[in-house]
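Structural features, examined
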Amino acid sequence: MAATTVRTLSVVPATKANTLELPKKVVGFVEECAGLCNPKDIHVCDGSEREHHKLMGIMEAQGLAHPLPKYENCWLVNTDPADVARVESRTYISTRNQHDVVPKGTNPHKGALPNWMSPKQLDQELTDRFPRTMEGRTMYVIPFSMGPVGSRLSKIGVQLTDSPYVAASMRIMTRIGTEVLHALGDDDFVRCLHSVGQPLPMAKPAVNNWPCNPAETIITHRPETNEIISYGSGYGGNSILGKKCLALRLGSYMARKEGWLAEHMLILGITNPQGVKRYIAAAFPSACGKTNLAMMTPELPGYKVECVGDDIAWMRFDENGQLRAINPENGFFGVAPGTGTKTNPVAMQTVFKNSVFTNVAYTNDGGVYWEGMDKPNANVKITSWMGKSWTPESSEPAAHPNSRFCSPASQCPILDPAWEDPKGVPIDAILFGGRRPEGVPLVYEAFDWNHGVFMGASMRSEATAAAEFKGKMVMHDPFAMRPFVGYNIGQYFNHWLSFAANPNHKLPRMFHVNWFRKDAQGKFMWPGFGDNVRVLDWILKRVDGENVATKSLVGYVPTKESFNLNGLSNINWDGLFHTPKDFWTKEVTEIRKYFDDNIGSDLPSAINNEVTKLEQRIKNQ
């Protein structure tokens, strides 16, 4: 490997600078950005435990992170309340041709699809922000691999950041360090530059000691040159650039070019009582239960679920036509509220060691608290994420609705043995779903591949706290990729459709699920969580070709006798699968309008045909 020695300063005061070997292309990237951003020193991250402790020590000294003595090597960070979620309105894809990102919709809705920015405007935006932006701060150089190091499905990036929080989080969420540099060699890599946008000394003190610049925040992607540039936010997917930025926005662009899929999907392995194991991928919008499903504790005897990943799947058909998937991440960045011993006991066994918690409440016995956890003892005092004394009678939540745990995947007690298999795991079924309180059945199967692609394309769900949207509005979220697709979504639909053209491909069956349907009193009709294995049980029967379905308005639905309801009472079966004509008449009207307004002539004819077929089935109901 051709290499250049770069002199760097360590992350703690040192009398002697350390030296590390970096590939020449990485050196050029670091030198170019350091010349622009003017950091006081540079540290190349090696991913070691020693380095992690130093990073956390720096954050503790800055008042940014607080140790949680109740747990092993866990920390709490509370952000500026203005920097708590993905900022979709300030997230852009920049290409030379606008049509590569923006479809030819007749009346595009603001926020309906990714934002485009011209290269010229982007250059100006960055020129206005980045000069000297790291002054007084350390630049951390993070070589990272998305996916097992060396896998043909994996991608390598280098992130430069002035945030020790980001450096610590990237160590958990990706594979970082010298092993990655050796795998990279002289090859190209994804170039990621991030700054919190607050050179030192700051004009005014940071709120919660969390440096950020919300007024100037911008998250940008240049897929044609494999670059991600983010400024002003230190939080989550805005700053941990291997996650949504590379894994999905750039990932989906690369996937189309190279003939694979980068998707917002969990991956789980499920073994039935007969010992037959299958793998399932599932696309749900953020905060709609991906982690709970990926770590499910099944309520049906004899079933075992194992977790490959809870958020992102990279999938490619192999030489035998089998679709295989890897989880490109190395950790879990999960929504904390709603996670508890009743809803996700596996997550609760995973997160209380070697983890960073963000924007949750803390307790005076050195622990954390969020809505959905078991209530602490009466003598334990709780302080909310806003720093206020909190009780169950308080009007504000203890934890922010989008508060997070960041935990190593290796700690998951049901981690699938093949989770790091460089070939990936074989996918037998793909699920789509979201929060639909009315009208949408518990589960239904696509009639064929094109209909399955239409199901993904027409996904709708109540908005959640993972982005800046407020309220319970039902939003269109195709493939749960609305905020994440890195190119024209009409072309994205076509990419999915194209896989059916290869007769060698063993196409997985596709299903839609909805755990969130409510009755007239506003109560959930399905128990969810561990009982969702009953839905997977029926799906596996369909994967095995069993005749256990009947045709409905929206797809194949279970026959009641084929669906295992043993041990459940008061299940309104007819209500769970009722497809009211008035609801679906409105639904298909809104789907067609969304497609016309936002995608227009870029909508593939095969998807338009599926809309027409649904309209006809509703008319004939």
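These notes cover the structure that comes with them. The structure displayed is predicted, hence computed values, not measured ones. (Residues numbered from 1 in each chain as written. Predicted model: local features only at pLDDT ≥ 70, side-chain atom pairs only at ≥ 80, totals over all residues. Heavy atoms only, no water.)

1. Quick notes on the overall build of the chain
Secondary structure assignment for the chain yields 15 helices and 34 strands. For the chain, the C-alpha atoms occupy an extent of roughly 75 × 60 × 45 Å along the three principal directions. Within the chain, the fraction of its 621 residues that count as buried is 62%. The contacts of the chain with a sequence gap of at least 6 include a subset with a gap of at least 24, amounting to 73%. Only carbon and sulfur atoms are counted for the fraction: they give 49% of the accessible area of the chain, which is about 24000 Å². In the chain, 65 side chains carry a positive charge and 64 a negative one; their mean positions are 2 Å apart. (Helix = DSSP H or I, 4+ residues; strand = E, 2+ residues; numbered from the N terminus. Buried < 20%, exposed > 50% of the residue type's maximum accessible area, 1.4 Å probe, protein only. Contact = heavy atoms within 4.5 Å. Areas by Shrake-Rupley, 256 points an atom, 1.4 Å probe, with all protein chains shown as cover. Lys, Arg positive; Asp, Glu negative; His and termini not counted. Charge placed at Lys NZ, Arg CZ, Asp CG, Glu CD.)

2. Description of the packing of helix α10 (residues 449-457) against helix α15 (residues 605-620)
Across the interface, α10 lies against α15 with an axial gap of 9 Å and an inter-helix angle of 90°. As summarised for this structure, α10 and α15 are arranged roughly perpendicular, according to the angle between their axes. Across the interface between the two elements, N450, H451, V453 and F454 from α10 touch A606, I607, E610, V611, L614 and R617 from α15. Residues belonging to the contact of α10 with α15 are distributed by class as follows: 6 nonpolar, 2 polar and 2 charged. (Axes fitted to C-alpha atoms, helices over the stretch in contact; angles between N-to-C directions. Parallel < 35°, antiparallel > 145°, perpendicular 65-115°, else oblique. Nonpolar A, V, L, I, M, F, W, Y, C, P; charged D, E, K, R; others polar.)

3. Overview of the pattern of salt bridges
A side chain with one charge can pair with a side chain of the opposite charge if their charged atoms come near. Inspection of every chain in the model, using the stated rule, returns 35 salt bridges. Between E227 and R222 there is a salt bridge, and its shortest N-O distance comes to 3.9 Å. The exposure class assigned to E227 is partly exposed, which follows from its relative accessible area of 22%. Residue class for R222 comes out buried when judged on its relative accessible area of 16%. A salt bridge links D311 to K244; its shortest N-O distance comes to 2.5 Å. (Salt bridge = Lys/Arg side-chain N within 4 Å of Asp/Glu carboxyl O.)

4. So, the sheet that holds strand β22 (residues 361-363)
Hydrogen bonding along the main chain pairs the strands of a sheet, whether they run parallel or antiparallel. Spatially, the 4 strands line up as an open sheet ordered β23-β22-β24-β25, and their pairing is antiparallel. Bordering the open sheet on either side are β23 (368-369) and β25 (389-390), each of which pairs with just one other strand. Both strand β24 (residues 382-383) and β25 contribute to a ladder of 2 bridges, which runs antiparallel. In the strand pairing of β25, I382 is matched with W390. (Pairing = 2+ DSSP bridges.)

5. What to know about helix α4 (residues 164-173)
For α4, a buried count of 10 out of 10 residues is recorded, marking the element as mostly surrounded by other parts of the structure. Within the span of α4, buried status applies to P164, Y165, V166, A167, A168, S169, M170, R171, I172 and M173. With a side-chain oxygen positioned 3.3 Å from the backbone nitrogen of Y165, the residue opening α4 is S163. (Polar contact = N/O pair within 3.5 Å; in protein donor to acceptor, adjacent residues only side chain to side chain.)

6. Some thoughts on the packing of aromatic side chains
Summed over all chains, the structure comprises 30 aromatic pairs. In textbook terms, an aromatic cluster arises when at least three aromatic residues are bridged by ring pairs, as seen for F432, W449, F479, Y487, Y492, F493, W496, Y594 and F595. Its end group placed over the ring of F484, K244 keeps NZ or CZ at 5.2 Å from the ring centre. Lying over the aromatic face of Y556, R542 brings its terminal NZ or CZ to 5.5 Å of the ring centre. (Phe/Tyr/Trp six-rings, centres within 6.5 Å; stacked < 30°, edge-to-face > 60°. Lys NZ or Arg CZ within 6 Å of the ring centre and 35° of its normal.)

7. Side note on the environment of Y492
Of note, Y492 is situated in helix α11 (residues 489-498). Using a relative accessible area of 1% as the deciding quantity, one classes Y492 as buried. Sequence separation between Y492 and A457 is 35 residues; the distance between their C-alpha atoms is 9.6 Å. If near-sequence neighbours (up to four positions away) are discounted, Y492 is found in contact with E263, F479, M481, V485 and Y487. Reaching out from Y492, the side chain makes a polar contact with the side chain of E263 at a distance of 2.5 Å.

8. Considering helix α7 (residues 242-258)
For α7, built from 17 residues, the straight-helix expectation of 24 Å at 1.5 Å per residue is missed by more than 12%, its first-to-last C-alpha distance being only 19 Å. The element α7 is largely enclosed, with a buried count of 14 among its 17 residues. At the exit of α7 stands G259, carrying a positive phi of roughly 85°. (Expected span 1.5 Å × (residues − 1).)

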